[in-house]
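Results of the structural survey
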Amino acid sequence: MRFLPTDEQSDFARTLRSLLGSAQVPAAVRAWADGEYGPGLALRSRLAGTGLFALAAPEAYEGAGLLPLELSLGFVELGRAGVPGPVVESAAVSVLLSQLGDESLAKRFLPGLVAGEAWATLTLPGESGGGPYALDADAATYCFTVSGAAELWPAAAGGTLRSTDPARRLSRPAPAGGEPLAAGPAVAQAARAAGLWARLLTAAQCLGVAEALLERTVGYVKQRTQFGVPIGSFQAVKHRLADTLVALEFARPLVWAAALSLAPGDVAAAKLRCGEAAYRAALTALQLHGAVGYTEELDLSLWLRKARPLRDAWGTPSECRAEVLRSLTPGRRGG
């Protein structure tokens, strides 16, 4: 069995990497953190041109079909570049609307999301809901929340809250009033699917963040000298980098396996490993960069600040461990 991306999938990932490499993403991230969304929205339009957002919507609504593996490959590149905005949440909304079975709602919202003309953000109930806070609701065209009573509501963003990552702008949404857009078992089922995709794509983002941190750290230790030699030649530094690389390489196949199966336990395992790999890469990068690693002027800080929030978004480590345990022991209840 050849458990690797196909040539076509690899070409798609390389296309995204090339586009993002020339897009001045760090400047867009800093602008986004300051509430200036223009550069980030321009970047969204360029990404839409690659067909990235079409991978989370059916062909009937101008999408390319629900393709979790290809979308995961794309989100690794988004994490690697540090792209700002509710990219995961917009994809999750596309999945929710695709699974809902309400053609009028799908026609109303999906084409704009596929074309990169709109962002959407989403909160869901329960452990898979990503917490009570909506990401970038003030920048999103659409803000949705699913209540514990399985009702899909348009939501109004509250005041913006501070996050460890300045480019992750959080708010606590509230239903906008009136009637829900949809309600019933179909909403609950679609919300579960959306939460599963959001967890998978966040894992892919974590993998990309870890890759970026490791690559930048390796480059730095080749240049920084001590006692007349690069610090990368020191055995202790090599061991730390090797441990980080091993964690990353063990996480990578879990993402592909989860994208193929979309089983809750597989997705939780991928999110757990990728989140920890990103956090380990951040700690390694901070230690080996030394004092310069703390400065906001260094682009490294853009990824350092993403690692911890992404590790906990759409499933904290403890929540993911609990899901993996449930998948291994059907019928187990606590303790």
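Everything discussed here concerns the structure shown above.
The present account deals with the structure reproduced in this document. Per chain, the residues get numbers from 1 upward, laid out in the order the sequence is written. Whole-chain, interface and lining totals are the exception, using all residues; otherwise, since this is a predicted model, local features are given only for residues with pLDDT of at least 70 and side-chain atom pairs are given and counted only at 80 or more. Only hydrogens and water are removed before side-chain values are computed, so all heavy atoms of the structure are retained for them.

**Some details on the overall build of the chain**
To keep it simple, the criterion reads: Put simply, DSSP marks the helices as runs of H or I at least four residues long and the strands as runs of E at least two long, and each gets a number from the N terminus on. This radius of gyration counts C-alpha atoms alone. The globule rule is 2.2 Å times how many residues there are, raised to the power 0.38. Contacts are residue-level and defined by heavy atoms, with any inter-residue pair within 4.5 Å sufficient. Computed by Shrake-Rupley with a 1.4 Å probe, the accessible areas treat only the displayed protein chains as cover when residues are assessed. Charge assignment: positive for Lys and Arg, negative for Asp and Glu; neither His nor the chain ends contribute. Each charge is placed at NZ for Lys, CZ for Arg, CG for Asp and CD for Glu.
Regarding its fold elements, the chain presents 11 helices and 11 strands. The C-alpha radius of gyration of the chain comes to 20 Å, within 12% of the 20 Å expected for a compact globule of 335 residues. By its C-alpha atoms, the chain is 70 × 50 × 40 Å across when sized along the principal axes. Long-range pairs, those at least 24 residues apart, make up 72% of the contacts in the chain with a sequence separation of at least 6. In the structure as shown, the chain presents an accessible area of about 14,900 Å², 54% of it carried by carbon and sulfur atoms. Computing the positive centroid from 32 side-chain charges and the negative centroid from 31, the chain places the two 8 Å apart.

**Let's talk about the packing of helix 8 (residues 235-261) against helix 9 (residues 264-289)**
Helix-helix packing: each pair is described by the crossing angle between the helix axes and the interaxial distance. Put simply, the rule is: Helix axes are fitted to C-alpha atoms over the stretch in contact, other axes to C-alpha atoms as well, and angles between N-to-C directions run from 0 to 180 degrees. Our angle categories are set so that under 35 degrees counts as roughly parallel, over 145 as roughly antiparallel, 65 to 115 as roughly perpendicular, and the remainder as oblique. Helix crossings are classified by the rotation of the near helix relative to the far one: an anticlockwise turn of less than a right angle makes the crossing left-handed, while a clockwise turn makes it right-handed. Three residue categories are used. Nonpolar comprises Ala, Val, Leu, Ile, Met, Phe, Trp, Tyr, Cys and Pro, charged comprises Asp, Glu, Lys and Arg, and polar comprises the others, including Gly.
Where helix 8 contacts helix 9, the two axes come as close as 8 Å, and the packing angle between them is 155°. Here helix 8 is positioned roughly antiparallel relative to helix 9, judged by the angle of their axes. Handedness of the crossing formed by helix 8 with helix 9: left-handed. Partitioning the contact of helix 8 with helix 9 into residue classes produces 16 nonpolar, four polar and five charged.

**Regarding the packing of aromatic side chains**
Our working definition: Aromatic rings from Phe, Tyr and Trp, taking only the six-membered ring of Trp, are treated as a pair when their centres fall within 6.5 Å; an angle between ring planes under 30 degrees marks them as stacked, one over 60 as edge-to-face, and anything in between as tilted. Under the scheme applied here, a residue whose accessible area is under 20% of the maximum for its type counts as buried, over 50% as exposed, and between as partly exposed, the area being computed with a 1.4 Å probe on protein chains only. To sit over a ring, a charge needs its Lys NZ or Arg CZ within 6 Å of the ring centre and within 35 degrees of the ring normal.
Taken as a whole and judged by the stated rule, the model has five aromatic pairs. Look at F109 and F144: their rings are 5.1 Å apart centre to centre, the planes differ by 85°, and that puts the pair in the edge-to-face class. Remark: F144 occurs in strand 5 (residues 142-146) and F109 occurs in helix 6 (residues 103-114); sequence separation between them is 35 residues. F144 matches F109 in its accessibility class, with the two residues each being buried. Connected via pairs of aromatic rings, a cluster forms that spans F109, Y142 and F144. For R44, the ring lying beneath its charged end belongs to W119, and the centroid distance is 5.4 Å.

**Brief notes about empty space enclosed by the protein**
What counts is decided by this rule: Only protein atoms enter the 1 Å grid used here, on which a cavity is any set of points holding a 1.4 Å probe that cannot leave and a pocket is any open set flanked by protein within 12 Å on both sides along at least five of seven lines; residues with an atom within 4 Å of a point are listed as lining. Grid points are joined across faces, edges and corners, and a volume is the space filled by probe spheres set on the points.
According to the stated counting rule, one finds two cavities of 30 Å³ or more in the structure shown. Taken as a whole, the largest cavity encloses approximately 150 Å³ of empty space. What lines the largest cavity is a set of 21 residues, among which V83, G85, R168, Q205 and L310 lie closest to the centre. Residues that form the lining of the largest cavity fall into these classes: 11 nonpolar, five polar and five charged. In this structure, the second largest cavity occupies an estimated 70 Å³ of space. In terms of lining residues, the second largest cavity is bounded by L52, F53, A56, L71, F75, V87, S90, A91, S94 and L113. Counting residues per element, the ones that place at least two in the lining of the second largest cavity are helix 4 (68-81) and helix 5 (87-100). The dominant element in the lining of the second largest cavity, judged by the number of residues it contributes, is helix 5, at four residues. Considered class by class, the residues forming the lining of the second largest cavity number eight nonpolar, two polar and no charged.

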